[in-house]
Amino acid sequence: MTTHTVDTVDTARELAAFLRARRERLDPGSLGLPPRRHTRRTPGLRREEVAELAGVSVDYVVRLEQARGLRPSADVVEALAGALRLSPVERAYLFDLAQQRPRTAGEPSGAAAPSLARLVTDLSPLPAMLMNHRFDILAWNPEVARLLLDFDTLPPERRNAMWLCLMHPRIREFYVDRERVLREGVAHLRSAWATHPEDRALSGLIAELLSGNEEFARLWGEREIRPGGRGDKQMCHPEVGPITLQFEVLAPLQDPDQRLLIFRAADEDSRSALDRLSSSL
């Protein structure tokens, strides 16, 4: 995997772009701001309106949006988050960009702890796998390999759920609601990058996908932040047809950068389809 860097590794510029994007999406009228005499040339709030709502100077907001080396305090970040009406996940992302959220000690682990690998196996017959914050697939059980892909057939550097969803010919056509799955994946990677801006492997993955995949580049440019820890996934399996699965993502306390993904059938037809897959193991 390439590890060259692109603009994504500059947190100051991303902070500037994120503030602009969130400012421009707001409707001044819905915030109770007084009407202005002059016609608005740009959508959303003006910088002076954000400054007023956040209780900071206009010059400060301008310098932040121009990425001029400022590192806002936690109080200022909180005020900006309130002024911009950020959601909880967007607020956490802003704190990460401003480097104001406590970080976990040490480097993120790139391998599964033996106890977690055993847990993935013990979850059979439920399809399950363990990933890290980059979506690298660290451990999996036979059921998830039968459902998705035999990860043993891939080189280790290609055992990445985001890369597979974008690039692998089978997985590319696997999800019925592909757009939503990609949006959730890109949003997760953006949050992971803000938490670990010095992670060269993660920056390399993002750089590779930005330069080599138009879908990823489009969604990355939208700067969307959203939770994706549970829900449904509709799949079209090449052997057993349509399957709807409920998924749950759990984070171990001792390895908070890793994610345990567990699938369950959402209905009887899907349960029957999973049983047919499991019986062929």
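Located above this text is the structure these notes cover.
Here is a short report on the structure shown in this document. Please read these numbers as outputs of a predicted model, since none were measured by experiment.

Some words on the sheet that holds strand S5 (residues 258-265)
- Taking strand neighbours across the sheet as the criterion, the 5 strands line up as S2-S1-S5-S4-S3 in an open arrangement whose pairing is antiparallel. Looking at which strands have only one partner, the edges of the open sheet turn out to be strand S2 (137-140) and strand S3 (230-237). Between one strand axis and the next, the sheet turns by 30° as a mean value, whatever way the strands run.
- For S3 and strand S4 (residues 241-250), the ladder comprises 8 bridges, and the chain directions are antiparallel. Note on S4: the bridge partner recorded for Lys-233 is Leu-245.
- Relative to S3, helix H10 (residues 178-195) is tilted by about 130°, and along the sheet it contacts S3, S4 and S5.
- The strands that helix H13 (residues 268-279) touches are S3, S4 and S5; relative to S4, the one it contacts most, it runs at about 90°.

Re helix H2 (residues 47-54)
- Where H2 is concerned, the buried positions are Glu-49, Val-50, Ala-51 and Ala-54.
- Looking at the buried positions of H2, the neighbouring elements they touch are helix H1 (11-24), helix H3 (58-65) and helix H4 (74-83).
- Of the residues flanking the end of H2, it is Gly-55, one or two places downstream, whose phi is positive at about 75°.

What about the packing of aromatic side chains?
- Counted according to the given criterion, the structure contains 4 aromatic pairs.
- Ring geometry for Phe-216 against Trp-220: centres 5.7 Å apart, planes inclined by 20°, an arrangement best described as stacked. With a gap of 4 residues between them, Phe-216 and Trp-220 both fall in helix H12 (residues 214-221), about one helical turn apart. A single burial state applies to Phe-216 and to Trp-220, both of which are buried.
- Its guanidinium or amino end placed over the ring of Trp-220, Arg-190 lies 4.0 Å from that ring's centre, counting from NZ or CZ.
- Of note, Lys-233 hangs over the ring of Tyr-175, and the distance from its end group to the ring centre comes to 5.7 Å.

Examining the environment of Asp-177
- Mapped onto the secondary structure, Asp-177 falls in the loop between helix H9 (169-172) and H10.
- Residue Asp-177 is classed as partly exposed on the basis of its relative accessible area of 32%.
- In this structure the C-alpha to C-alpha distance between Asp-177 and Lys-233, which are 56 residues apart in sequence, comes to 7.6 Å.

The rules behind the values
Residues numbered from 1 in each chain as written. Predicted model: local features only at pLDDT ≥ 70, side-chain atom pairs only at ≥ 80, totals over all residues. Heavy atoms only, no water. Pairing = 2+ DSSP bridges. Helix = DSSP H or I, 4+ residues; strand = E, 2+ residues; numbered from the N terminus. Axes fitted to C-alpha atoms, helices over the stretch in contact; angles between N-to-C directions. Contact = heavy atoms within 4.5 Å. Buried < 20%, exposed > 50% of the residue type's maximum accessible area, 1.4 Å probe, protein only. Phe/Tyr/Trp six-rings, centres within 6.5 Å; stacked < 30°, edge-to-face > 60°. Lys NZ or Arg CZ within 6 Å of the ring centre and 35° of its normal.

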